Amino acid sequence: MTRIIGKEILVDERNGNPIAFTFRERYDIAEVLECWLEAGEWWRGQQTREIFRVMTSLGGVFELERSVGSDDWRLYKVWD
Amino acid sequence: MFVHLHVHSMYSMLHGASRLEELLQKAALEGAPALALTDRDSVAGLAEFLRLAPQYGVRPISGVDFTLEEEGRIVLLAQNDEGYEQICRLVTEAHQINRLVPQTSRRGLSRYRDGLIALTGGRFSDVSAYLLRREYHLARERLLFYRNLYGRDQLYVALSRTSLPGDASLVQHLLCLSDECGLGVVAANDVHYAVSSDFPVHDILVCMRTKTTVDQTHPARPLNSENDLKSAEQMKGLFADCPEAVANTVLIAQRCAATPRLGQSLFPQFTVPDGYEDGKEMLRQLVYQGAVRRYGSMDEVPRARLDHELEIIHQLGYVDYFLVVWDIAAFARRRKIRYAGRGSAADSAVAYCLYITDVDAAGRNLLFERFMSLERAEKPDIDIDFDSLRRDEVRDYVYQRYGADHVASVCTYSTFRGRSAVREIGKALGLPEGVCANLAKRLPYMLHADQIEAALARLPELRAARIPQERLRLLFAIARRLAGFPRHFGTHVGGVVISHTPLLRITPLQPSAKGILITQFDKDGAENLGLVKLDLLSLRTMSAIEDTNRQLEEQGRPLDYDEIPLDDEETFEMIAKGETIGVFQLESPAQRALQSRLAASALEDIVASVALIRPGPIKGNMVDPFLARKKGLEGITYLHPKLEPILGKTYGVVLFQEQVIEIATAIAEFTPGEADQLRRVMSHARSGAEMDQIGQDFIRKALRCGVNEQVAETIFSYMRGYASYGFCEAHAAAFAATAYKTAYLARHMPAEFFAAIINAQPMGYYPRHVLAAEARRRGVHVLGVDVNQSAAQAKGGEGYIRLGFLQVLGMREETARQIDLKRRCGGPFASLGDFCERVTDIDRLTAERLIRAGAFDFLQGNRKALLWALPEAIAASRAARESGELIAHVRCEDDERSFSIEDFSPQERLSAEYQILGIGISGHWMAQYRDELTRAACLPIDQALAGMDGSVVSVAGIIIRPHRPPTKSGRTVVFFSLEDETGMADVTVFQDVYQRDGAVLFDPRRHMIGVRGVLQRRQGGAPQIMARRVWSL
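1. Concerning the overall build of chain A
Next, step 1: What chain A contains, in helices and strands, is zero helices and six strands.
Next, step 2: Traced from its N-terminal end to its C-terminal end, chain A shows the element sequence β-β-β-β-β-β.
Next, step 3: Here the C-alpha radius of gyration of chain A, 12 Å, is about what a compact globule of 80 residues would show, namely 12 Å.
Next, step 4: Projecting the C-alpha coordinates of chain A onto the three principal axes gives extents of approximately 40 × 30 × 20 Å.

What follows is the structure, given as structure tokens:
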């Protein structure tokens, strides 16, 4: 099961990849499980988004997203 | 280096968002040595792709992306001609399995596998589908199946990295499997557009295909814009860990030859009967025999001209083509199927002597090079119009004569036009359906998809639609991109190709909705491949002529149509008054207005008038000078003495395409081929730059020939004035003969002729009620449908037309024939019950329509009472039939209940007649408003038109065929006709009035309008109303 969160978050990056993020508390990213691109709602002027499915050091799975070319990150989904 | 081996173009129909040129341009820009075209279940784009690719320095590879019957897809690339044939056979089979959703079976793949390289894997394949479902053993099994089928060297596993979820693991598994099975890998990007900025277009196409809107999700919707034609660097970067996947694309490309070959000679050799040395000899003899029959004696035969033409035909290798066409025409003559050759073929004296055309090209001194020339690479195009009711007999003969494997109809691709683009893109964008429909309905019918935005600004009826324009910006942008994209696959109206080799070696054949097999290439594609198209067209005018003849024969006064005198004064008198509604090619308001000014007195005038009312002469401002000079109101001068013999017959005006060629030849010594290039550039209204270049060549060459620079420039300006489409004289002459003869029929046997053209509807320019009004104007009574008087078709008699059952809305042909037959065999119908009992084929809706249209008025005239009685009559007759008992005629309408029912009002009756028959029988729609119109100072049309020139009149009527033809000024002018119970008026609305009041003219919901304007008779022509105000009634 997943829950859509859609909240802005702070992310630490290295070489463009997320290494940690803060959502209520700080999570270290142990592994980027998957990364892909989504065009978004282009008809509403949305930019393409980069999605990272990550596993934290505590074993949680989250999906983080950001618009291509931007530093604004959002927590997209949480995997229960 | 890298070669894209999995690429879709717009020919993938809603799967590809780029034109071939765009894909090739991008490939060339990226320095790709080759490019494969692998459209979905189709090779339709291949002929053009093969033609264009060398121009971009790219080697073309032919392939298809096949949809598999079970799931997934497989890409097959043709290594050689054999492989291409296998692809054609597979595509053909795929479309036979499912016409609308083609599917390829594994059995088919097993049957047709030679000369092919197969790509499986990627995201698209069945193998990957198994892997994504984690069914590894099934994936392996399927891959081994393909390996057994194609062999290790011919099968590759495609890998794609298009930034989709699961990409990494899928590629990893595919790499493992390929390794395990000993197969090579290739990088493939499943290209759907040349550049990623076209992703929205692709997404919209997918929405159209899946019938979703952009706001709805669907598994087929693309997730991102990564399926573009990436550069070699990008691909190398994506597959840095697997360089052999990139290298293999180049190796595969090297193993594939460009196939099929273009420009082969595929036309069949005509089987020459004994007694002739060869086809050339046979053609010569047939031409000479025909010439003697055409010209009366050998002395009159233009031998030099015929020999010249025969020599060119022989040199270009079209002897067999002419023999085949001669054979088809001879078949039609033997079967008495009416036909007429048209188009530029009428420039040929050989075609005339072979009885393919009826225009004496030599006698008219027509330019053969307009039709065929040594310099021109294009194939000759012979178009023949056949009686539309019997055209299929001719086509069947061709199939039978040359073998079903060797003959097929040519396909056409209808492209996105304004209306369809608005409806479909709007729907996909989630715009309200009402908004899209409202806008679409108001767009001019033939408007291209990239002209919508301009039309919206220009046309007041579109502004009146009150559509939120900002919401449409996206729609317009996408419509512009989709303009010219093929949308639907269809059958060419008459194009048939014949090949000496089985067609499946050249093209897949797919069944049309009617079951006819059609090529996957359109006319141009088929010709690129070396197929020659014959146009066996059907023309309803031919059917109407035949119908008129038949009616006259039944009356015991047969007419020899071919012997109609070409100098009948009464016919020319009628034409000169512009009374030409119903006459082939001469019935539009513009033609009628021209005829009344032209005062034609000979067939030549008709030839000129057919060519005059065309965009070229109108925009080139040639109509008025032509008329003024013909009437002697303006002197005829020539800018150069060499122009006199060319333009003499058209009073110094450039009117025909042949004249353009002759001028270029005479003044600037263009070769006929060069001159024809000039005509093509002009007639296709290509870019101004191209025209300027031709102009420079013309002036340069003219100067070299000693022509004064100013004169050369002026002459070219006349030729340039011809810029958009003009007619060739041969075509005009072919049409003129039919135009004159149909005018003769309208003049001398109006009842039969107008009955025939009512039967042949839809055809011509006017709806049925206008044709009926015209027949009435000529003193012919138009009688309604009557179950005891009518036949299946309308028929003319002494001063009347009796409408037929087939004029009833929705009437089936079998039902119409049964009514006629039952009455003829069993006598008149005595009652409604009798009718229902004997006409077993009748259904309730049709019977209702017959009653409402007045077909039973002979009983007691109360249509509403009959409608009430109908269910009982049908039930009783059905019961009688089921019980097998013969019962006395049910006379439900005599039921006393019937007499207590009040009949429909006159307005309701009339409305039903218009709705069901398309013609008012009990009166004219406008007549019922006459008192009100009189109070509003609107005159009956006949009175208004009798007024003084310059007087201001107000009229009202039913609007007929409003249209906006091109004008010389480029401003919008609307022409339409207005009909009331007393006649018809032609109305012109100029731009200022149109911009203010024009919204009512093209509103599909409004049929009655009022017009106030000035009565004008131009140069003694028929009266017209120049509108000052137009309003909706």
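2. Here's the deal with the sheet that holds strand β12 (residues 517-522) of chain B
All names here are of chain B.
Next, step 1: Read from one edge to the other, the open sheet built from seven strands follows the order β7-β8-β13-β10-β9-β12-β11, with strand pairing classed as mixed. Strand pairing shows two members of the sheet lacking a second neighbour, β7 (339-342) and β11 (509-511), which therefore form its edges. Looking at each pair of strands side by side, their axes are set apart by 45° on average, direction ignored.
Next, step 2: Two strands pair when backbone bridges link them, and strand β8 (residues 383-387) and strand β13 (residues 532-539) are joined in this way by five bridges, in the parallel orientation. Each residue of the ladder has a partner; that of I384, found in β13, is L536.
Next, step 3: Running over the sheet, helix α3 (residues 81-97) touches β11 and β12 and is turned about 125° from β12.

3. A closer look at the packing of helix α11 (residues 279-295) of chain B against helix α13 (residues 319-334) of chain B
Residues and elements named next belong to chain B.
Next, step 1: Here α11 crosses α13 at 50°, and the two axes come no closer than 9 Å. Between α11 and α13, the crossing angle belongs to the class labelled oblique. As for how α11 packs across α13, the hand of that crossing is left-handed. Only V319, F322, L323 and W326 of α13 make contact with α11, whose side of the interface consists of G279, K280, M282, L283 and L286.
Next, step 2: The residue makeup of the contact of α11 with α13, split by class, is seven nonpolar, one polar and one charged.

4. A look at the nonpolar core
Nonpolar side chains tend to gather and get buried jointly when the protein is soluble and globular.
All names here are of chain B.
Next, step 1: Formed by 158 residues in total, the largest nonpolar core has its most connected members in F322, F835 and L850.
Next, step 2: Look past the residues within four positions of L850 in its chain and what remains in contact with it is V785, F805, V808, M811, I819, F835, I842, A855 and F856.
Next, step 3: Ranked by size, the runner-up nonpolar core spans 108 residues in total, among them L52, V91, L174 and L504.

5. Focus on the sheet that holds strand β2 (residues 59-67) of chain B
Neighbouring strands of a sheet are bound in pairs by backbone hydrogen bonds; such pairs are parallel or else antiparallel.
All names here are of chain B.
Next, step 1: Taken in spatial order, the six strands line up as β1-β2-β3-β4-β5-β6 in an open sheet, and their pairing is mixed. Taken across any chain shown, the strands that pair with only one partner, and hence form the sheet edges, are β1 (34-40) and β6 (184-187). When the angles between neighbouring strand axes are averaged without regard to direction, this sheet yields 30°.
Next, step 2: Two elements, strand β5 (residues 155-159) and β6, share four bridges in a ladder whose sense is parallel. What sits directly across from L159, in β6, is A187.

6. A word on the environment of D179(B)
Next, step 1: Locating D179(B) in the fold gives a position in helix α7 (residues 167-181).
Next, step 2: Sequence separation between D179(B) and F386(B) is 207 residues; the distance between their C-alpha atoms is 63 Å.

7. Some details on the interface of chain B and chain A
Next, step 1: The interface is formed by 19 residues belonging to chain B together with eight residues belonging to chain A.
Next, step 2: Note on chain B versus chain A: buried area summed over both sides is about 1100 Å², and carbon and sulfur give 65% of it.
Next, step 3: The interface formed by chain B and chain A includes one salt bridge.
Next, step 4: Two residues, R44(A) and D215(B), come together in a salt bridge whose shortest N-O distance is 3.0 Å.
Next, step 5: For the pair chain B and chain A, the interface holds seven residue pairs in polar contact (both at pLDDT 80 or more).
Next, step 6: If one sorts the elements of the side of chain B that touches chain A by residue count, helix α8 (residues 199-210) of chain B sits on top with four residues.
Next, step 7: Among the residues making up the side of chain B that touches chain A, the classes are represented as 11 nonpolar, three polar and five charged.

8. A word on the packing of aromatic side chains
Two aromatic rings, taken as a pair, are described by how far apart their centres are and by the angle between their planes.
Residue and element names in this part refer to chain B.
Next, step 1: Inspection of the entire model under this criterion finds 30 aromatic pairs over all chains.
Next, step 2: With centroids separated by 6.0 Å and ring planes inclined at 70°, the aromatic side chains of F368 and F371 adopt a geometry described as edge-to-face. In terms of burial, F368 and F371 fall into one category: buried.
Next, step 3: The rings of F267, Y318, Y321, F322, F368 and F371 are connected pair by pair, giving a single aromatic cluster.
Next, step 4: Stacked on the ring of F145, the Lys or Arg R106 has its end atom at 4.9 Å from the ring centre.
Next, step 5: Looking at R294, its charged tip hangs above the ring of Y355, at a distance of 3.8 Å from the centre.

9. Things to note about helix α23 (residues 569-576) of chain B
All names here are of chain B.
Next, step 1: Turning to α23, its buried residues number three or more, namely T571, F572, M574 and I575. The buried side chains of α23 occupy one side of the element, clustering within an arc of 160° when seen end-on.
Next, step 2: On its buried face, α23 is in contact with α24 (589-598), α25 (603-612) and α33 (729-748).
Next, step 3: Backbone geometry just after α23 places G578 at a positive phi near 75°.

10. Observations concerning the pattern of salt bridges
Residues and elements named next belong to chain B.
Next, step 1: Per the counting criterion, the structure on display carries 75 salt bridges over all chains.
Next, step 2: A salt bridge links R123 to D167, with the nearest nitrogen and oxygen atoms 3.4 Å apart. Here the residue R123 occupies a position in the loop between β4 (116-121) and α5 (126-132), and D167 occupies one in helix α7, the gap between them amounting to 44 residues.
Next, step 3: Here R823 ties to D820 by a salt bridge, and the two come within 3.5 Å at their closest N and O atoms. Note that R823 and D820 are positioned in helix α36 (residues 813-826) at a spacing of three residues, about one turn of the helix.
Next, step 4: Judged by its relative accessible area of 12%, R823 is buried.
Next, step 5: One continuous salt-bridge network, built from bridges that share partners, spans D857, R863, D903, R909 and E913.

11. With respect to a positive patch on the surface
Next, step 1: On the surface, R293(B), R333(B), R334(B) and R335(B) cluster together into a patch of positive charge.
Next, step 2: Note on placement: R333(B) falls in helix α13.

12. Description of the pairing of strand β3 (residues 73-78) of chain B
Residue and element names in this part refer to chain B.
Next, step 1: Among the six residues that make up β3, six are buried, leaving the element largely enclosed by the rest of the structure.
Next, step 2: Here β3 shows no split at all, with R73, V75 and L77 on one side and I74, L76 and A78 on the other all buried.
Next, step 3: Between β2 and β3, which pair antiparallel in sequence order, lie five residues; one of them, G72, sits at a positive phi of approximately 75°.
Next, step 4: Both β3 and β4 contribute to a ladder of four bridges, which runs antiparallel. Residue pairing for β4: A78 is matched across the bridge by L116.

13. Focus: the confidence of the model for chain B
Next, step 1: Of all residues in chain B, 93% have pLDDT values of 70 or greater, and the mean over the chain is 90.
Next, step 2: Complex prediction metrics read pTM 0.81 and ipTM 0.93.

14. Remarks on the state of the cysteines
Residue and element names in this part refer to chain B.
Next, step 1: Taken as a whole, this structure holds zero disulfides over all chains when the rule is applied.
Next, step 2: Free cysteine C256: the closest other cysteine sulfur is in C88, separated by 15 Å.
Next, step 3: C256 gets classed as buried once you look at its relative accessible area, which sits at 2%.
Next, step 4: For C728, which is in no disulfide, the shortest distance to another cysteine sulfur is to C353 and amounts to 18 Å.

15. A word on α8(B)
Residue and element names in this part refer to chain B.
Next, step 1: Compared with an ideal rise of 1.5 Å per residue, which puts 12 residues at 16 Å, α8 spans 16 Å between its outermost C-alpha atoms and is within 8% of the ideal.
Next, step 2: The buried fraction of α8 amounts to 11 of the 12 residues, a majority that puts the element mostly inside the structure.
Next, step 3: Within α8, the full set of buried residues consists of F199, P200, V201, H202, D203, I204, L205, V206, C207, M208 and T210.
Next, step 4: Looking at the buried side of α8, the elements it contacts are α16 (418-428) and α20 (473-482).
Next, step 5: Positioned one or two residues after α8, K211 has a phi angle of 55°, which is positive.

16. Details of the side chain of T104(B)
Next, step 1: By the secondary structure assignment, T104(B) is in the loop between α3 and α4 (106-111).
Next, step 2: Leaving out residues up to four positions away in the same chain, T104(B) has contacts with F66(B), T67(B), L68(B), E69(B), L90(B), A94(B) and L109(B).

17. A few points about the pairing of β1(B)
Two faces, one strand: in a regular strand the side chains alternate between the faces of the sheet.
All names here are of chain B.
Next, step 1: Here β1 lies mainly inside the structure; seven of its seven residues are buried.
Next, step 2: Bridge analysis of β1 against β2 gives seven bridges, and the strand direction is parallel. When the bridges of β2 are listed, L37 appears paired with S62.

Conventions used here
- Residues numbered from 1 in each chain as written.
- Chains lettered and ligands numbered in written order.
- Predicted model: local features only at pLDDT ≥ 70, side-chain atom pairs only at ≥ 80, totals over all residues.
- Heavy atoms only, no water.
- Helix = DSSP H or I, 4+ residues; strand = E, 2+ residues; numbered from the N terminus.
- Rg over C-alpha atoms; globule rule 2.2 N^0.38 Å.
- Pairing = 2+ DSSP bridges.
- Axes fitted to C-alpha atoms, helices over the stretch in contact; angles between N-to-C directions.
- Contact = heavy atoms within 4.5 Å.
- Parallel < 35°, antiparallel > 145°, perpendicular 65-115°, else oblique.
- Left-handed = near helix turned anticlockwise from the far one by under 90°.
- Nonpolar A, V, L, I, M, F, W, Y, C, P; charged D, E, K, R; others polar.
- Core = buried A, V, L, I, M, F, W, Y, C linked by side-chain atoms within 4.5 Å.
- Buried < 20%, exposed > 50% of the residue type's maximum accessible area, 1.4 Å probe, protein only.
- Buried area = accessible area lost by both parts, 1.4 Å probe.
- Salt bridge = Lys/Arg side-chain N within 4 Å of Asp/Glu carboxyl O.
- Polar contact = N/O pair within 3.5 Å; in protein donor to acceptor, adjacent residues only side chain to side chain.
- Phe/Tyr/Trp six-rings, centres within 6.5 Å; stacked < 30°, edge-to-face > 60°.
- Lys NZ or Arg CZ within 6 Å of the ring centre and 35° of its normal.
- Arc of directions from axis to C-beta.
- Patch = residues over 30% accessible without salt bridge, like charges linked within 9 Å, V, L, I, M, F, W, Y side chains within 5 Å.
- Areas by Shrake-Rupley, 256 points an atom, 1.4 Å probe, with all protein chains shown as cover.
- Lys, Arg positive; Asp, Glu negative; His and termini not counted.
- Charge placed at Lys NZ, Arg CZ, Asp CG, Glu CD.
- pLDDT = per-residue confidence, 0-100.
- Disulfide = S-S within 2.5 Å.
- Expected span 1.5 Å × (residues − 1).

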